[in-house]
Amino acid sequence: MTPGQRWSADDRLEEAADCIEEAQERGHFAHYARVVGDLPLLLSQHGLGQTLAYFLVRGGDREASPYITVYQQLTRRLAQCFRVTHRDLLTHLTGIDSQQYLLFAEEARLFALALYSEVEAQEYTPYSEEEA
């Protein structure tokens, strides 16, 4: 795959399934599912850069935070997809032109929908962990 080439829907769903499994292993899946549920709307309303910054602030220094988990999953996905070598994707996003930014944002949106779809496929309800 060349830089800037987006993956197929099947690739996105496979990666999203791996991310869901990772989140389940980390625990706090109820909170993770809510964050993933908000992700498409956040990207739509606030854009990729602001959404990533928000997740970093919300997650703070807590590695187990669902915000940090989603941030890591989304940035890892974009870095793999676009073959970005920067460790800090936010820094990279500030240095690219608007056409490239739109490609990153569209891939983020499509991946967010794949994550959401995989959470839904788990037949998960937000209160199932809390009631148990």
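Heads up: the structure comes first, above all this text.
As the structure is a computational prediction, the values presented were derived from the model and not from experiment.

Here we look at the side chain of glutamate 107
In step 1: Structurally, glutamate 107 is set in helix H6 (residues 98-121).
In step 2: Engagement of the side chain of glutamate 107 in a polar contact is seen with the side chain of arginine 12, the distance being 2.9 Å.
In step 3: Separated by 2.5 Å, the side chains of glutamate 107 and arginine 77 make a polar contact.

A look at the packing of aromatic side chains
In step 1: With the rule as written, the count across this model stands at 5 aromatic pairs.
In step 2: Measuring from ring centre to ring centre gives 6.0 Å for tyrosine 54 and tyrosine 67, while their planes differ by 85°; the resulting arrangement is edge-to-face. Taken together, the residues span a long stretch of sequence, with tyrosine 54 in helix H3 (residues 48-59) and tyrosine 67 in helix H4 (residues 66-82) at a distance of 13 residues.
In step 3: Taken together, Tyr54, Phe55 and Tyr67 form an aromatic cluster joined through their ring pairs.

Concerning helix H1 (residues 9-26)
In step 1: The end-to-end C-alpha distance of H1 is 26 Å, a good match for the 26 Å that 18 residues give at a rise of 1.5 Å each.
In step 2: Among all positions of H1, only Arg12, Glu15, Ala16, Cys19, Ile20, Glu22 and Ala23 are buried. Seen along its axis, H1 keeps its buried residues to an arc of 160°; they face one direction. Those residues of H1 that are exposed and angled more than 90 degrees off the buried face are Asp10, Glu14 and Glu25.

Considerations on the nonpolar core
In step 1: Tyr32, Leu48, Phe104 and Leu115 are the most contacted members of the largest nonpolar core, which totals 35 residues.
In step 2: Mapped by element, the contributors of at least two residues to this core are H1, helix H2 (29-46), H3, H4, helix H5 (89-94) and H6.
In step 3: Take this core: its biggest share by element is 8 residues, from H2.

Thoughts on the pattern of salt bridges
In step 1: Applying the stated criterion across every chain, the model contains 5 salt bridges.
In step 2: The closest approach of N and O atoms between glutamate 22 and arginine 26, which form a salt bridge, is 3.4 Å. In this pair, glutamate 22 and arginine 26 both sit in helix H1, 4 residues apart, roughly one turn of the helix.
In step 3: Exposure remark for arginine 26: the relative accessible area of 32% places this residue in the partly exposed category.

Thoughts on a negative patch on the surface
In step 1: A cluster of acidic residues, Asp10, Asp11, Glu14, Asp18, Glu21 and Glu25, forms a negative patch on the protein surface.
In step 2: In this structure glutamate 14 comes out as exposed when scored by relative accessible area, which is 53%.

Considerations on the environment of valine 57
In step 1: Its place among the elements puts valine 57 in helix H3.
In step 2: By relative accessible area, valine 57 is classed as exposed at 67%.
In step 3: On a C-alpha basis, the gap between valine 57 and isoleucine 68 in space is 9.0 Å, while along the polypeptide they are 11 residues apart.

About the cut-offs
- Think of each chain on its own: its residues are numbered from 1, step by step along the sequence as written.
- This being a predicted model, a pLDDT of at least 70 is required before a residue's local features are given, and a value of 80 or more before pairs of side-chain atoms are given or counted; all residues contribute to the totals for chains, interfaces and linings.
- Working from all heavy atoms in the structure, the side-chain values ignore hydrogens and water.
- Runs of H or I in DSSP of at least four residues are treated as helices and runs of E of at least two as strands, each being numbered from the N terminus.
- By the criterion applied in these results, polar contacts are pairs of N or O atoms within 3.5 Å in which, for protein atoms, one can donate a hydrogen and the other can accept it, and in which residues neighboring in sequence qualify only through two side-chain atoms.
- Side-chain rings of Phe, Tyr and Trp, where Trp is taken by its six-membered ring, are said to pair if the distance between their centres is within 6.5 Å; with planes under 30 degrees apart they count as stacked, over 60 as edge-to-face, and otherwise as tilted.
- What a helix should span is 1.5 Å times the count of its residues minus one.
- The buried label goes to any residue with under 20% of its type's maximum accessible area, the exposed label to any with over 50%, and the partly exposed label to all in between, with areas taken from a 1.4 Å probe on protein chains only.
- It is the directions from the helix axis to the C-beta atoms whose arc is reported.
- Note on terminology: a nonpolar core comprises buried Ala, Val, Leu, Ile, Met, Phe, Trp, Tyr and Cys residues joined through side-chain atoms within 4.5 Å.
- Only one rule defines a salt bridge in this text: a Lys or Arg side-chain nitrogen within 4 Å of an Asp or Glu carboxyl oxygen.
- Every patch collects residues that have over 30% relative accessible area and no salt bridge, joining them within 9 Å if they carry like charges and within 5 Å if they are nonpolar side chains (Val, Leu, Ile, Met, Phe, Trp, Tyr).
- In this description, accessible areas are obtained by the Shrake-Rupley approach with a 1.4 Å probe, and a residue is regarded as covered only by the protein chains that are shown.
- As used throughout, the charge tally considers Lys and Arg to be positive and Asp and Glu to be negative, leaving His and the chain termini uncounted.
- In this description, the location of a charge corresponds to atom NZ of lysine, CZ of arginine, CG of aspartate or CD of glutamate.

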